[in-house]
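What the coordinates show
Single-letter residue listing:
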Amino acid sequence: MNRADPLVLGIETSCDETGVGIVRGSTLLANVIASSMEEHARYGGVVPEVAARAHLEALGPTLREAVDRAGVTLDEVDAIAVTNGPGLAGALMVGVGAAKALALSLDVPIYAVNHLVGHVGADILSDDEPFEYPTVALLVSGGHTSLLLVKDLTSDVELLGETIDDAAGEAFDKVARVLGLAYPGGPRIDAAAVDGDPRAIRFPRGLTKPKDLERHRYDFSFSGLKTAVARWVEQREDAGEPVPVGDVAASFREAVADVLVGKAIAACVDLGVPRLLLGGGVVANARLRALAEERADAAGIALRIPPLSLCTDNGAMIAALGAQRIMAGHAPSTLDFGADSTLPVTTIQS
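**So, the packing of aromatic side chains**
Under the counting rule described, the total for this entry stands at 3 aromatic pairs. Measuring from ring centre to ring centre gives 6.3 Å for Phe220 and Phe222, while their planes differ by 10°; the resulting arrangement is stacked. What makes Phe220 buried here is its relative accessible area of 0%. Residue class for Phe222 comes out buried when judged on its relative accessible area of 1%.

What follows is the structure in C-alpha cells.
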C-alpha cells in the first residue's frame, strides 16, 4: 500500500445522506452525496428504517459516480474507510457491510473511523494551509452538538462537552414545526429570520448561568429553549394575536448561535488555543457563521470553516480521516468491527 499518498475511498451512511468520497493523501478527488431528505420530509424528521433502505438503493449508483468523477478505477484504491459510528444503527450497518465487501473483493485494508472526528478531518481537504494543533472544534448537526479539543487528528481527540438533550439541529426542526415551517427546519428558520428582529424576544440561553457553568461549562442544552419558543407562540395564539414568525425565528436563531459560539470561544480562551474549527450541517446557518467570525476576530482566534459541501455528512471526510491514519502509520481495522451507534469521540478508529 502507498502510505505516503494513499488513494482512499470513504463511505458515510450514519444518517440520511449516502456519501462516497475519494481522496489521494490530502487531495480531494470526488465527493458524491445522495440525500433521502425528501423521503423523510413527509414524516417531519428522519425515520431510521427509511434511511437504511435509501442507503441500500443509493450506495451502488453513488459509488460508481464517485469513481467516475475521481477518474480512477477500484483496482487502484489503496484502502477503504467507513463510518462505523456514531449514528443510526441500521443506516451504519449498510455502509459497514458495503465497505467490508469492497475491502474483501479488492483485497485492500479497511479503516473503521469515527463520524464526528471525520467532520474535523474535512478541513484538511479544504485549505492549503496545514492543519495546526491543538484546535478546538465545534461540531453542530441534526443529531450531534459537540465541543472537542483536537490535539492530534489521528490519535488524540478529547470531548470537552456535548448536548445533554436535544442537538441544535433537532431544536431547529422542532421549532420550525411550531412555526408551521417545513422540514428540514434549519434552512426554513434561516430564511424566515431574514426579515425578523433577533432582539425582539429574549429567549433563554441554556446552561449559561453561573451555577450551570460550574458543572456544564462546555455542555449544551436546547430542550428548554425549544419549550420556551413553543410556550411563547402558544400564548400569542391563545390571545388571538398574530405570531410574528420572522421575529420568533430570528430570536430563536440568535439564542442558539449565542450559546454555541459563546461556549466555543470560552473553550479556546480557557485552554489557550487560538484556533476554532466549525463543522456539521448546521454550520450552513448564516447567523452562526457570522457571529463566529465576529467573536473569533474580537478574541484573536483563527476561525476555520470548511466549504458547506464538506460540512454536511459526506464520504470525503471519512476518506480523508482514513488517509491521515494511514500516513501516520496506524494499522488497519480487523473485519470483526460492527456498527456502533454510540461510538465515543475518543475512539478515532475501531
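Now that the structure is up, let's keep going.
**Here we look at the environment of Ala191**
Here Ala191 is to be found in helix H6 (residues 185–193). For Ala191 and Trp232, which are 41 residues apart along the polypeptide, the C-alpha to C-alpha distance reads 20 Å.

**Here we look at the sheet that holds strand E10 (residues 302–304)**
Read across the open sheet, the 5 strands follow the order E8-E7-E6-E9-E10; overall the sheet is mixed. If you trace the sheet from one side to the other, it starts and ends with strand E8 (156–162) and E10, each paired once. Put simply, the sheet's adjacent strands are angled 25° from each other on average, direction ignored. The strands touched by helix H9 (residues 245–271) are strand E6 (135–140), strand E7 (145–152), E8 and strand E9 (275–279); relative to E6, the strand with the most contacts, the crossing angle is about 165°.

**Regarding the packing of helix H8 (residues 223–238) against H9**
At a closest axis distance of 11 Å, the pairing of H8 and H9 adopts a crossing angle of 165°. Considering their axes alone, H8 and H9 lie roughly antiparallel with respect to each other. Where H8 crosses over H9, the handedness of that crossing is right-handed. Residues Leu225, Val229, Trp232 and Val233 of H8 lie in contact with H9, whose contacting residues are Val248, Phe252, Ala255 and Val256. Counted by class, the contact of H8 with H9 contains 8 nonpolar, no polar and no charged residues.

**Observations regarding the side chain of Gln349**
If you trace the backbone, Gln349 turns up in the segment after helix H12 (315–327). On the basis of relative accessible area, Gln349 is assigned to the buried category, the value being 14%. A polar side-chain atom of Gln349 sits 2.7 Å from a polar atom in the side chain of Arg325. At a separation of 3.0 Å, a polar atom in the side chain of Gln349 contacts the main-chain carbonyl oxygen of Ala331. Setting aside residues up to four positions removed in sequence, Gln349 forms contacts with Tyr111, Ala112, Val113, Arg325, His330, Ala331, Pro332 and Ser333.

**Side note on the sheet that holds strand E5 (residues 110–114)**
What the 5 strands build is an open sheet, ordered E3-E2-E1-E4-E5; its pairing is mixed. The outermost strands of the open sheet, each flanked by one partner alone, are strand E3 (27–35) and E5. Taken over all neighbouring pairs, the strand axes of this sheet differ in orientation by 20° on average, direction set aside. Here strand E1 (residues 7–12) runs beside strand E2 (residues 17–24); their pairing, made up of 6 bridges, is antiparallel. Paired with Val8 across the strands is Val23, a residue of E2. The sheet strands contacting helix H2 (residues 48–70) are E1, E2 and E3, and the helix crosses E2 at an angle near 25°.

**Observations regarding the pattern of salt bridges**
Counting across every chain of the model gives 13 salt bridges. The salt bridge involving Arg205 is made with Asp258; its shortest N-O contact spans 3.0 Å. Of this pair, Arg205 sits in the loop between H6 and helix H7 (210–216) while Asp258 is found in helix H9, placing the two residues 53 residues apart along the sequence. Residue Asp270 is joined to Arg217 by a salt bridge in which the shortest nitrogen-to-oxygen separation is 2.6 Å. Linking Asp270 in helix H9 with Arg217 in the loop between H7 and H8, this pair joins segments that are 53 residues apart in sequence. Under the relative-accessibility criterion, Asp270 is labelled partly exposed at 40%. With a relative accessible area of 34%, Arg217 lands in the partly exposed category.

**Section: the pairing of E6**
The element E6 is largely enclosed, with a buried count of 6 among its 6 residues. Side chains Thr135, Ala137 and Leu139 project from E6 onto one buried face, and the interleaved Val136, Leu138 and Val140 project onto a second face that is buried too. Sheet topology places E6 next to E7; 6 bridges connect them, and they run antiparallel. Pairing of Leu138 across the sheet is with Leu147, part of E7. Hairpin connection between E6 and E7: a loop of 4 residues separates the two successive antiparallel strands.

**Some details on the nonpolar core**
One finds Leu138, Leu147, Phe252, Leu260 and Leu276 to be the most contacted residues of the largest nonpolar core, which totals 48 residues. Of all the secondary-structure elements, those providing two or more residues to this core are E6, E7, helix H5 (168–178), H6, H8, H9, E9 and helix H10 (286–299). The element contributing the most residues to this core is H9, with 14 residues. For Leu260, the contacting residues outside a window of four places in its chain are Leu138, Val140, Thr145, Ala168, Phe220, Phe222 and Leu288. Of all hydrophobic cores here, the second largest spans 31 residues; its members include Val8, Val113, Leu277 and Ile348.

Thresholds, definitions, all that
- Residues numbered from 1 in each chain as written.
- Predicted model: local features only at pLDDT ≥ 70, side-chain atom pairs only at ≥ 80, totals over all residues.
- Heavy atoms only, no water.
- Phe/Tyr/Trp six-rings, centres within 6.5 Å; stacked < 30°, edge-to-face > 60°.
- Buried < 20%, exposed > 50% of the residue type's maximum accessible area, 1.4 Å probe, protein only.
- Helix = DSSP H or I, 4+ residues; strand = E, 2+ residues; numbered from the N terminus.
- Pairing = 2+ DSSP bridges.
- Axes fitted to C-alpha atoms, helices over the stretch in contact; angles between N-to-C directions.
- Contact = heavy atoms within 4.5 Å.
- Parallel < 35°, antiparallel > 145°, perpendicular 65-115°, else oblique.
- Left-handed = near helix turned anticlockwise from the far one by under 90°.
- Nonpolar A, V, L, I, M, F, W, Y, C, P; charged D, E, K, R; others polar.
- Polar contact = N/O pair within 3.5 Å; in protein donor to acceptor, adjacent residues only side chain to side chain.
- Salt bridge = Lys/Arg side-chain N within 4 Å of Asp/Glu carboxyl O.
- Core = buried A, V, L, I, M, F, W, Y, C linked by side-chain atoms within 4.5 Å.

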